[in-house]
Amino acid sequence: MPYWLMKSEPDAYSWDDLCREGVGTWDGVRNYQARNHMRNMKQGEQVLFYHSNIGMEVVGVMEILEEAFQDPTTDDQRWSAVRVKAINPFPKPVKLSEMKQHPLLQNIGLIKQSRLSVMPLTDEEFAVIMDLGGMKMS
DNA sequence: GCCAACGTTGGC
DNA sequence: GCCAACGTTGGC
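In this report, the structure presented in the accompanying data block is examined. Since the model is a prediction, treat every value here as computed from it, not as a measurement.

### Observations regarding the overall build of chain A
So, point 1. Broken down by element type, chain A carries five helices and six strands.
So, point 2. Order of helices (α) and strands (β) in chain A, N terminus to C terminus: β-α-β-α-β-β-β-α-α-β-α.
So, point 3. For 138 residues, the compact-globule estimate of 2.2 N^0.38 gives 14 Å, and the C-alpha radius of gyration of chain A, at 14 Å, lies within 12% of that figure.
So, point 4. Taken along its principal axes, the extent of the C-alpha atoms in chain A is 40 × 30 × 30 Å.
So, point 5. Looking at chain A as a whole, 46% of its 138 residues are labelled buried.
So, point 6. Considering only contacts within chain A whose residues lie at least 6 apart along the sequence, 67% involve residues at least 24 apart.
So, point 7. As presented, chain A carries roughly 7,200 Å² of accessible surface, and 47% of it is formed by carbon and sulfur atoms.

Listed below in structure tokens is the structure:
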């Protein structure tokens with residue numbers, strides 16, 4: 001099963017914002033590569049939530065509730081959004097600096113392509129980050 | 001605040 | 001279709 005990681009600046013939209021809303025719409029993505037990843041997401045898949053700029057850490061796990069649909073923030077049909085819900089916060093958020101030091105995380109988009117905001121993770125990468133964050137895999 | 005990386009735009 | 005100029009992202 002594919003896993004994902006999505007970034008947001010907490011100033012704009014944070015983990016706490018998502019928890020407050022319960023169900024969140026992940027919209028505003030204006031990058032083709034990121035959009036293509038979003039269109040590949042399937043209901044029930046798990047997504048890590050990363051705080052860029054402020055925090056620079058993975059803070060929790062989300063789940064895809066609704067697969068890609070027209071981004072409600074624009075009429076431009078090129079852009080898609082997905083619906084997500086928070087599952088669990090990390091007991092211990094995982095810092096970017098920590099991930100950069102981990103030998104099994106050297107190929108993740110966060111490190112290799114720092115501007116990409118939506119990216120896939122391998123089973124192994126997902127498991128490593130969950131472990132670093134003190135989360136038990138269910 | 002700076003700047004590297006990278007995507008987009010527009011002139012040719 | 002190339003590429004210079006420019007804008008944006010995001011780490012430092």
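And the narrative resumes.
### Section: the protein's contact with DNA strand C
So, point 1. Taken together, Lys-7, Tyr-50, Ser-52, Asn-53, Met-56, Leu-96, Lys-100, Ser-114 and Arg-115 make up all the residues around DNA strand C.
So, point 2. Considering the 4 Å shell around the protein, atoms of DNA strand C inside it are sugar or phosphate in 74% of instances.
So, point 3. A distance of 3.2 Å is found between a base oxygen of DNA strand C and a side-chain nitrogen or oxygen belonging to Arg-115.
So, point 4. Of the residues contributing to the surface near DNA strand C, the split by class is three nonpolar, three polar and three charged.

### Structural notes on the pairing of strand 5 (residues 80-95)
So, point 1. Bridge count between strand 2 (residues 23-26) and strand 5: four bridges; the pairing is antiparallel. If you follow Thr-25 over to strand 5, its bridge partner there is Arg-83.
So, point 2. Direction of pairing for strand 4 (residues 57-70) relative to strand 5: antiparallel, over a ladder of ten bridges. Residue pairing in the sheet places Gln-70 in a bridge with Ser-80 of strand 5.

### Thoughts on the layout of surface pockets
Think of a ball as big as a water molecule: rolled over the atoms, this probe shows where empty space is left.
So, point 1. The calculated volume of the largest pocket comes to roughly 310 Å³.
So, point 2. Around the largest pocket sit 17 residues that line it, and Lys-7, Ser-8, Trp-26, Val-29 and Ser-117 are the ones nearest its centre.
So, point 3. Residue assignment for the lining of the largest pocket shows that the elements contributing at least two residues are strand 1 (3-8) and strand 2.
So, point 4. Looking at the lining of the largest pocket, its residues break down into five nonpolar, seven polar and five charged.

### Here's the deal with the sheet that holds strand 1
So, point 1. What the six strands build is an open sheet, ordered 2-5-4-3-1-6; its pairing is mixed. Both edges of this open sheet fall to strand 2 and strand 6 (118-121), since each of them pairs with a single strand only. On average, each strand axis in the sheet is tilted by 40 degrees relative to the strand beside it, whichever way the strands run.
So, point 2. Here six bridges tie strand 3 (residues 46-51) to strand 4, and the two strands are oriented antiparallel to one another. Bridge pairing in strand 4 links Phe-49 to Gly-60.
So, point 3. Those strands touched by helix 5 (residues 123-132) are strand 1, strand 3, strand 4, strand 5 and strand 6, and its axis lies near 50 degrees from that of strand 5.

What counts and what doesn't
- Residues numbered from 1 in each chain as written.
- Chains lettered and ligands numbered in written order.
- Predicted model: local features only at pLDDT ≥ 70, side-chain atom pairs only at ≥ 80, totals over all residues.
- Heavy atoms only, no water.
- Helix = DSSP H or I, 4+ residues; strand = E, 2+ residues; numbered from the N terminus.
- Rg over C-alpha atoms; globule rule 2.2 N^0.38 Å.
- Buried < 20%, exposed > 50% of the residue type's maximum accessible area, 1.4 Å probe, protein only.
- Contact = heavy atoms within 4.5 Å.
- Areas by Shrake-Rupley, 256 points an atom, 1.4 Å probe, with all protein chains shown as cover.
- Near = heavy atom within 4 Å.
- Polar contact = N/O pair within 3.5 Å; in protein donor to acceptor, adjacent residues only side chain to side chain.
- Nonpolar A, V, L, I, M, F, W, Y, C, P; charged D, E, K, R; others polar.
- Pairing = 2+ DSSP bridges.
- 1 Å grid on protein atoms, 1.4 Å probe; cavity = no way out; pocket = protein on both sides within 12 Å on 5 of 7 lines; lining within 4 Å.
- Points joined across faces, edges and corners; volume = space filled by probe spheres on them.
- Axes fitted to C-alpha atoms, helices over the stretch in contact; angles between N-to-C directions.

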